[in-house]
Amino acid sequence: MAVSLSVLFSFTLLFFHLLLAVQSDQGCHKTHNHHLRRSLQLRNSPEKCLRARPGEPFKIALFADLHFGEDAWTDWGPRQDVNSIRVMSAVLDAESPDFVIYLGDVITANNIPVANASSYWDQAISPTRTRGIPWASVFGNHDDAPFEWPLEWFSAPGIPQVRCPAANSSFSGEEECSFRGTHRLQLMKDEIEQNALSYSSNGPKDLWPSISNYVLQVSSPQDAQSPLVYLYFLDSGGGSYPEVISNAQAEWFRRQSEKINPDLSIPELIFWHIPSKAYSGVAPWFGVRKPCVGSINKEKVASQEAEFGIMGLLEKRPSVKAVFVGHNHGLDWCCPHKKLWLCFARHTGYGGYGSWARGARIIEVSKQPSSIKSWIRMENGNVHSEVLLSS
Ligand SMILES: [Zn+2]
């Protein structure tokens, strides 16, 4: 009797999960609803829906290269994290975006000597969370690297007293010292499990070791079945494995895009951290001049190690309007490449190299008339480098 009761209970639970899953998928593409296991993992659903507000364009803020936890053992490091929170707060209050994308290098894991670096990750998403704005994140090359012991710690002054856990952390994870780094999977699991507003996903298992591979649909306000734009997120590697988008990821993109947008009628935007080699080909030589749009061009493009097919696929889809990357803190331009745009975000964090003024790239998707615009909002309120990416 006890057994059958528990079976009954399990089935009731399953039923409610299914009901929830179907409700949460309303307005999303239906192709995923029959994947029972995926539907049950509500927070990991490969296509969660976002809705634009009635009569308003859909606005996205990109926070790139925040580098929380830099020099975590000093007084300087934690001060930079406070500065980064100030930048994000200024941008969020000035722009009131509908959605935020954390474009990698959220933390500087190679500087973080704690068992669970999610405590720093959590600080980085806090300004967005406290304002009730949903977000998604992708990984950069610094997010899951193991701790790198500074060489000078082995000179006469010796190893400084390392602070564990993070001084201003409210995170309730493991809090002892550890130098192994926190893997992408753990960081993503923590973000997803602890945040109802997170739209991130740890992606299909067959794409491992790359994790942040998923698609989000933004629906128009009038009709949940009518997509306004698709947002594709890809993990460009680095840290615990090479800096590359694999052929398997490219194939995954091809399958997803052909399934959800077969007639290429819905615009598509692509987000990852490390610029592909194609960025080097379009980079302006000195300054930023037409047809590129931007304000700083202060370093060479630091591209991925190899190209295994993703760019060829993007170039063949006229629905793909732009790719957005971070990684190069001294670049903030958008340049045309074939039928699409290759864009850098703007260095948002006070962590990481470079002292160029901080800001964030904003993207605005409008339905009627159809257009995709972008500009850069600075910490001091200035706005510049507006560019029309699609009309
Ligand atoms: Zn980077």
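Report on the accompanying structure. As the structure is a prediction and not an experimental result, all values here were calculated from the model.

**Some words on the pairing of strand 5 (residues 214–219)**
Okay, so step 1: Summarising burial for strand 5: 6 of the 6 residues are buried, a large majority.
Okay, so step 2: Residues of strand 5 alternate between two faces, with Tyr214, Leu216 and Val218 on one and Val215, Gln217 and Ser219 on the opposite face, all of them buried.
Okay, so step 3: Pairing of strand 1 (residues 49–51) with strand 5 involves 3 bridges; the strand directions are parallel. Paired with Leu50 across the two strands is Val218, which belongs to strand 5.
Okay, so step 4: Summarising the sheet, strand 5 and strand 6 (residues 227–233) pair through 6 bridges and their orientation is antiparallel. Looking at the pairing, Leu216 lines up with Leu231 of strand 6.

**What about the sheet that holds strand 11 (residues 359–366)?**
Sheets are built from strands that pair by backbone hydrogen bonding, the pairs being arranged parallel or antiparallel.
Okay, so step 1: The sheet built from 6 strands is open, its strands ordered 4-3-2-11-12-13 with mixed pairing. The two strands at the open ends of the sheet, each matched to only one other strand, are strand 4 (135–137) and strand 13 (383–390). The mean angle between the axes of side-by-side strands here comes to 20 degrees, regardless of whether they run parallel or antiparallel.
Okay, so step 2: Direction of pairing for strand 2 (residues 58–63) relative to strand 3 (residues 99–102): parallel, over a ladder of 4 bridges. Note that in strand 3 the partner of Phe63 across the bridge is Tyr102.
Okay, so step 3: Its contacts with the sheet place helix 3 (residues 76–95) against strand 2, strand 11 and strand 12 (371–378), and it is angled at close to 170 degrees to strand 2.

**Points about the environment of Ile266**
Okay, so step 1: With respect to the element layout, Ile266 can be found in the loop between helix 6 (247–260) and strand 7 (268–271).
Okay, so step 2: Along the backbone, Ile266 and Ser226 are 40 residues apart, and their C-alpha atoms lie at a distance of 9.3 Å.
Okay, so step 3: Leave out the neighbours within four places in its chain, and Ile266 touches Pro227, Val229, Tyr230, Asn261 and Ser319.

**A short note on unusual backbone geometry**
Peptide bonds are trans in most cases, and residues, glycine excluded, mostly fall at negative phi.
Okay, so step 1: Pro209 follows Trp208 through a cis peptide bond whose omega is 10 degrees.
Okay, so step 2: Relative to the helices and strands, Pro209 resides in the loop between helix 5 (184–194) and strand 5.
Okay, so step 3: Residues Gln368 and Pro369 are joined by a peptide bond in cis, for which omega reads 0 degrees.
Okay, so step 4: You can see Pro369 is positioned in the loop between strand 11 and strand 12.
Okay, so step 5: Even without a glycine there, the phi angle at Ser96 is positive, about 45 degrees.
Okay, so step 6: With respect to the secondary-structure elements, Ser96 resides in the loop between helix 3 and strand 3.
Okay, so step 7: Given 12 C-beta atoms within 10 Å, Ser96 falls into the exposed group.

**Some remarks on the nonpolar core**
Okay, so step 1: Core analysis: the biggest nonpolar cluster contains 92 residues, and Leu62, Phe63, Ile101, Leu103, Leu231 and Phe271 have the highest contact counts within it.
Okay, so step 2: Examining the composition of this core, we find that 6 residues originate from one element, strand 6, more than from any other.
Okay, so step 3: Leaving out residues up to four positions away in the same chain, Phe271 has contacts with Ile101, Leu103, Val138, Leu231, Tyr232, Phe233 and Phe324.

So, how was this worked out
- Each residue is numbered by its place in its chain's sequence as written, counting from 1.
- Confidence filtering applies because this is a predicted model: local features only for residues at pLDDT of at least 70, side-chain atom pairs given and counted only at 80 or more, and all residues used for totals across whole chains, interfaces and linings.
- Between the buried cut of 20 or more and the exposed cut of 12 or fewer other C-beta atoms within 10 Å of a residue's own C-beta lies the partly exposed class, and all C-beta atoms are placed from the backbone.
- Numbered from the N terminus, helices here are DSSP runs of H or I no shorter than four residues, and strands are runs of E no shorter than two.
- Paired strands, in this sense, are two strands between which DSSP finds at least two bridges.
- Lines are fitted to the C-alpha atoms to define the axes, a helix being fitted only along its stretch in contact, and any angle between axes, read from their N-to-C directions, falls within 0 to 180 degrees.
- Residue pairs are scored as contacts if the distance between their C-beta atoms, which are placed from the backbone, is within 7 Å.
- Residues enter a nonpolar core if they are buried, belong to Ala, Val, Leu, Ile, Met, Phe, Trp, Tyr or Cys, and are joined to the set through C-beta atoms within 7 Å.

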